[in-house]
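Geometric and topological summary
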Amino acid sequence: MKSKSLVSIDQCSKEDILRILENARKFEENPNRRILEGKVAATLFFEPSTRTRLSFETAINRLGGRVIGFQDASTTSSSKGETLKDTISMVSNYADLIIMRHYLEGAARYASELTNIPIINAGDGANQHPSQTLLDLYSIQQTQGTLTDLSITMVGDLKYGRTVHSLIAGMSHFNPTFHFVAPDELRMPDEYKNFCDKLGIKYYEHTDFTEEIINQSDILYMTRVQRERFTDLEEYERVKNVYILRSKMLESSKENLRILHPLPRVNEIAYDVDDSPKAYYIQQARNGLFAREAIICEVLGINHLI
Ligand code: CP
């Protein structure tokens, strides 16, 4: 990687991605390797999280390191007015690595410019979620046997969903075809479509979520409508249940289709889908442990897994 922090998936070359995924595969074989002994990692979560925080903390524990941090910024001195700059400077005195989720876009990049220890972006506003992308890529590779020439359908909140923004960049090395399914209010922002145009990546936009689209997909990437990003809650109420995947919609889907979702889900995948062999979102979250172990090693410059 160009920098020892991971703030955006854009900084990872194709070779970086493939190396991290190969290390994730080794961690799946053996997640317990005491290569962080004596190291302290700080998890600073200014926004709620279940999977990202717990899988990073599990990764650090399984690698023999120790964790400090917070999951609720209201219990920290930021509630007294301490700036992010001062918080990062203080925590850098104590830890070897910072894993940070923040509601402001660009917060992780800003933090990385303030400190000499690596920052891992665990989500910054509606911008990026690079560790999620690496676990998504790992999940795609594990289920499809390849990352190349796949048809990826993204459904739901493509405006505010940071995971889809990062996934476009991550998949861009592998000749994908994208289908973007969203209501007009939540369409994929121009910035990401321009990125695809520049690289000659094919994409198609839809407002209807049809079986025809599902049937040509290798990956169906469902997303939650991000209530916390709306300034107008009436608008959220209008679009919150716009697409719901039900098991009967999968009847003619491809054998290799797998359904991913970064989770949490609200209503966008009906519970009857959970019994389908094509539902992969629980295993996807499990893969987060292996991918995050590999990411931690990458940013700390640990090249040889024991
Ligand atoms: N996928 C994801 O970021 O989940 P959490 O918000 O629970 O961390």
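This text gives an overview of the structure that appears in the document. Numbering of residues starts from 1 in every chain and runs along the sequence as written. The predicted nature of this model means local features are confined to residues of pLDDT at least 70 and side-chain atom pairs, given and counted, to a pLDDT of 80 or more, with totals for whole chains, interfaces and linings taken over all residues. Calculation of side-chain values draws on the structure's entire complement of heavy atoms; hydrogens and water are dropped beforehand.

1. Overview of the sheet that holds strand β1 (residues 40–45)
- Any two strands with at least two DSSP bridges between them are considered paired. Secondary structure elements are taken from DSSP: a helix is a run of H or I of four residues or more, a strand is a run of E of two residues or more, and numbering for both begins at the N terminus. Spatially, β2-β1-β3-β4 is the arrangement adopted by the four strands of the open sheet, whose pairing is parallel. Two strands bound the open sheet, and with one partner strand each, they are β2 (66–70) and β4 (119–124). Across the sheet, the mean angle separating the axes of adjacent strands is 15° when strand polarity is ignored.
- As judged from the five bridges shared by β1 and β2, these two strands associate in the parallel manner. The partner of Ala41 across the bridge, within β2, is Val67. Think of each axis as a best-fit line through the C-alpha atoms, taken over the contacting stretch in the case of a helix, with angles from 0 to 180 degrees between the N-to-C directions.

2. Details of helix α3 (residues 84–94)
- Within α3, the full set of buried residues consists of Leu84, Thr87, Ile88 and Val91. Along the axis of α3, the buried residues cluster in a sector spanning 95°; they form a single face.
- In this analysis, two residues are considered to be in contact whenever any of their non-hydrogen atoms come within 4.5 Å of each other. Where α3 is buried, its residues meet β1, β3 (97–102) and α4 (107–112). Residue exposure (1.4 Å probe, protein chains only): buried if accessible area is under 20% of the type maximum, exposed if over 50%, otherwise partly exposed. In this description, the arc belongs to the directions extending from the helix axis to the C-beta atoms.

3. Re the side chain of Thr133
- Within the secondary structure, Thr133 is located in helix α5 (residues 130–144).
- Overall, Thr133 belongs to the buried group, its relative accessible area being 0%.
- If sequence neighbours within four positions are ignored, Thr133 has contacts with Ile9, Thr163, Ser166, Leu167 and Gly170.

4. Considerations on the pairing of strand β8 (residues 219–222)
- Of the two faces of β8, the one lined by Ile219 and Tyr221 and the one lined by Leu220 and Met222 are each fully buried.
- By the bridge criterion, four bridges tie strand β5 (residues 151–155) to β8 in an arrangement that is parallel. Within β8, the position partnered with Val155 by the bridge is Met222.

5. Things to note about the site of the ligand
- When at least one non-hydrogen atom of a residue lies within 4 Å of a molecule or strand, that residue is treated as near it. All residues adjacent to the ligand are Ser49, Thr50, Arg51, Thr52, Arg101, His129, Gln132, Pro262 and Leu263.
- A distance of 2.9 Å separates an oxygen atom of the ligand from a polar side-chain atom of Arg101.
- Computed with a 1.4 Å probe, the accessible areas rest on the Shrake-Rupley method; for each residue, only the protein chains presented here act as cover. Protein contact buries 91% of the 250 Å² of open area that the ligand shows by itself.
- Residues belonging to the shell around the ligand are distributed by class as follows: two nonpolar, five polar and two charged. A 3.5 Å cut-off defines polar contacts: any pair of N or O atoms within that distance qualifies, except that in protein one atom must be a possible hydrogen donor and the other a possible acceptor, and neighbouring residues in sequence count only when both atoms are side-chain atoms. All residues other than Ala, Val, Leu, Ile, Met, Phe, Trp, Tyr, Cys, Pro, Asp, Glu, Lys and Arg, Gly among them, are scored as polar; the first ten of these are nonpolar and the last four charged.

6. Concerning helix α2 (residues 51–62)
- Taking 1.5 Å as the rise per residue, α2 with twelve residues should run 16 Å; its terminal C-alpha atoms sit 16 Å apart, in good agreement.
- Listed in full, the buried residues belonging to α2 are Thr52, Arg53, Ser55, Phe56, Glu57, Ala59 and Ile60.
- The secondary structure elements touched by the buried residues of α2 are β1, β2, β3, β4, α5 and α10 (281–299).
- The positive-phi residue at the C-terminal boundary of α2 is Gly64, with phi of around 85°. Expected helix span is given by 1.5 Å per residue-to-residue step, counting one fewer step than there are residues.

7. Notes on the sheet that holds β8
- Across the sheet, five strands lie side by side as β7-β6-β5-β8-β9; this open sheet has parallel pairing. The sheet is open, and its two edges are formed by β7 (202–206) and β9 (258–260), each paired on a single side. When the angles between neighbouring strand axes are averaged without regard to direction, this sheet yields 20°.
- Relative to strand β6 (residues 177–181), β5 runs parallel, the two being bridged by five bridges. Note that in β6 the partner of Ser151 across the bridge is Thr177.

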